[in-house]
Amino acid sequence: IWFLAITLFGMTFLFDVTDLSNHEDSETYNEGQPLAVGPARYITGSLIAFSGIEACESYVASLMSKVVPSALAQGTFNSGLLATLVGTGGRAVGDLFITLMGLISIRNLLNLLIIPGATLLSFSI
């Protein structure tokens, strides 16, 4: 739970409050506004969120290795291959989601990715 909470904390750094207001008359992407996500805030939030997710991934992989049946631990189609296939499928679905959110609005892409992710993460905790 702590790793997920750390990830959620990092994702809150990436939420851009200034994109919720009217931004049609500006092409500077909220530059200079105090609540806008700038380079330092983006890097900080990304590092915290990535660190939490990576720590959680290693914990889940360790847990899975202890509960997998012995029948899946042998042969070609073992649990390592299954974990690799699930990971690859997850990355493909994630790439498709990013592409679809970019087609909706490239201007609000960060919030369109962070808000659903943070919502799913909150429900997971």
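Let me begin by describing the structure that accompanies this report. (Residues numbered from 1 in each chain as written. Predicted model: local features only at pLDDT ≥ 70, side-chain atom pairs only at ≥ 80, totals over all residues. Heavy atoms only, no water.)

1. Considerations on the packing of aromatic side chains
Stage number 1. Inspection of every chain in the model, using the stated rule, returns one aromatic pair.
Stage number 2. Taking 5.2 Å as the distance between ring centres and 90° as the angle between the ring planes, the aromatic pair formed by Phe9 and Phe13 counts as edge-to-face. Here Phe13 and Phe9 lie together in helix H1 (residues 2–14), a separation of four residues that amounts to about one turn.
Stage number 3. Look at Phe9 and you get partly exposed, because its relative accessible area is 47%.
Stage number 4. When its relative accessible area of 26% is taken as the criterion, Phe13 is described as partly exposed. (Phe/Tyr/Trp six-rings, centres within 6.5 Å; stacked < 30°, edge-to-face > 60°. Helix = DSSP H or I, 4+ residues; strand = E, 2+ residues; numbered from the N terminus. Buried < 20%, exposed > 50% of the residue type's maximum accessible area, 1.4 Å probe, protein only.)

2. Concerning the nonpolar core
Stage number 1. Leu4, Met11, Leu14, Ala49, Cys56, Ile114, Ala118 and Leu121 together form the largest nonpolar core, which totals eight residues.
Stage number 2. Of all the secondary structure elements, the ones that give two or more residues to this core are H1, helix H2 (39–67) and helix H4 (109–124).
Stage number 3. The residues contacting Leu14, other than those within four sequence positions of it, are Val37, Arg41, Tyr42, Gly45, Ser46, Leu110, Asn111 and Ile114. (Core = buried A, V, L, I, M, F, W, Y, C linked by side-chain atoms within 4.5 Å. Contact = heavy atoms within 4.5 Å.)

3. Let's talk about the environment of Arg41
Stage number 1. Turning to its location among the elements, Arg41 is positioned in helix H2.
Stage number 2. Each C-alpha atom, one on Arg41 and one on Met64, is 34 Å from the other, the two residues being 23 residues apart in sequence.
Stage number 3. Looking at Arg41, its side chain comes within polar contact range of the main-chain oxygen of Phe13, at 2.7 Å. (Polar contact = N/O pair within 3.5 Å; in protein donor to acceptor, adjacent residues only side chain to side chain.)

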